[in-house]
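Working through the structure, step by step
So you can see what is in the structure, the chains are spelled out below.
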Amino acid sequence: MQEITLAAVRATPLSVDEVLAAVADPHAGGTAVFIGTVRDHDHGRDVSRLAYSAHPSVEERLRAVMEKVLSDTTVPGRPVVRMAAVHRVGDLEIGDAAVVVAAAAAHRQEAFDACRRLIDDLKAEVPIWKHQSFEDGQDEWVGTP
């Protein structure tokens, strides 16, 4: 059975173990995980800190994206069986996990494909915005309409 086992946006630190546990399944022969972390630079500039904010509909939108990825990446006879995603909001420090996504499938290729598609579509379609502050005192919003 295919299912989305975790779709959340929260202000508390993220747990890779939680996401891995959410996609564990005896029918899965492969599990792919992506962890997005806060880096200390962007476009050649030193980042001092950042914060994420989200639209009130964020979890509904995240689940809709996940449902679409689940249906689009499943190959007959080689299903993606479980999918999970958690994104953080609020103030984050350099090195913090900002997003963790995972897909478990019968075979590794489907797990890789679904995980890659999930993070790409999440970044493109889920209403989460990043406010970056730079060491030079400037700042910018990323992902805003």
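First, a word on what this report is: a plain description of the structure on this page. The structure displayed is predicted, hence computed values, not measured ones. (Residues numbered from 1 in each chain as written. Predicted model: local features only at pLDDT ≥ 70, side-chain atom pairs only at ≥ 80, totals over all residues. Heavy atoms only, no water.)

**Some words on the side chain of Asp42**
Here is the rule we go by: Numbering of helices and strands starts at the N terminus; helices are DSSP runs of H or I of at least 4 residues and strands are runs of E of at least 2. Categorising residues by exposure relies on relative accessible area from a 1.4 Å probe, with only protein chains included: less than 20% of the type maximum marks a residue as buried, more than 50% marks it as exposed, and the intermediate range marks it as partly exposed. Between two residues, a contact is recorded if the distance between any of their heavy atoms is within 4.5 Å.
Inspection of the secondary structure puts Asp42 in strand S3 (residues 41-42). For Asp42, a relative accessible area of 7% gives the class buried. Other than its neighbours up to four places away in sequence, Asp42 contacts Val47, Gln132, Phe134 and Glu140.

**Remarks on the packing of helix H2 (residues 58-73) against helix H3 (residues 108-125)**
Geometry of a packed helix pair, given as the angle between the helix axes and the separation of the axes. For clarity, the threshold we go by: To obtain each axis, a line is fitted to C-alpha atoms, and for helices this fit is confined to the stretch in contact; angles are then taken between N-to-C directions over 0 to 180 degrees. With the far helix as reference, a near helix turned anticlockwise by less than a right angle produces a left-handed crossing, and one turned clockwise produces a right-handed crossing. Residues are grouped as follows: Ala, Val, Leu, Ile, Met, Phe, Trp, Tyr, Cys and Pro are nonpolar; Asp, Glu, Lys and Arg are charged; every other residue, Gly included, is polar.
In the contact formed by H2 and H3, the axes pass within 9 Å of each other and the chain directions differ by 145°. Note that H2 runs across H3; the crossing there is right-handed. Between H2, through Arg61, Leu62, Val65, Met66, Lys68, Val69, Asp72 and Thr73, and H3, the contact on the second element is made entirely by Glu110, Asp113, Ala114, Arg117, Leu118, Asp121, Leu122 and Glu125. Across the contact of H2 with H3, the residue classes break down as seven nonpolar, one polar and eight charged.

**Observations regarding the nonpolar core**
Keep this limit in mind: As used here, the term nonpolar core means buried Ala, Val, Leu, Ile, Met, Phe, Trp, Tyr and Cys residues forming a set that is joined through side-chain atoms within 4.5 Å.
Core analysis: the largest hydrophobic core is formed by 31 residues, its most contacted members being Leu62, Met66, Met83 and Val101. Non-local contacts of Met66, meaning those with residues more than four positions away in its chain, are made with Ile4, Leu6, Ala7, Met83, Ala84, Ala85 and Leu118. Of all hydrophobic cores here, the second largest spans 13 residues; its members include Leu6, Leu14, Ala84 and Ala104.

**Section: the sheet that holds strand S2 (residues 30-37)**
Quick note on the threshold: Here, strands pair whenever DSSP counts at least two bridges between them.
Strand order in the open sheet formed by four strands is S1-S5-S7-S2, with mixed pairing between adjacent strands. Of all the strands in the sheet, just strand S1 (3-10) and S2 have a single pairing partner and so form its edges. With direction set aside, neighbouring strand axes in the sheet form an average angle of 5°. Both strand S5 (residues 80-88) and strand S7 (residues 97-105) contribute to a ladder of seven bridges, which runs antiparallel. The residue of S7 that forms the bridge with Val80 is Ala105. Its contacts with the sheet put helix H1 (residues 16-23) on S1, S2, S5 and S7, and the angle it makes with S5 is roughly 155°. In the packing of H2 onto the sheet, contacts are made with S1 and S5, and the angle to S1 comes to roughly 150°.

Interpretation in functional terms is not warranted from these geometric data alone.
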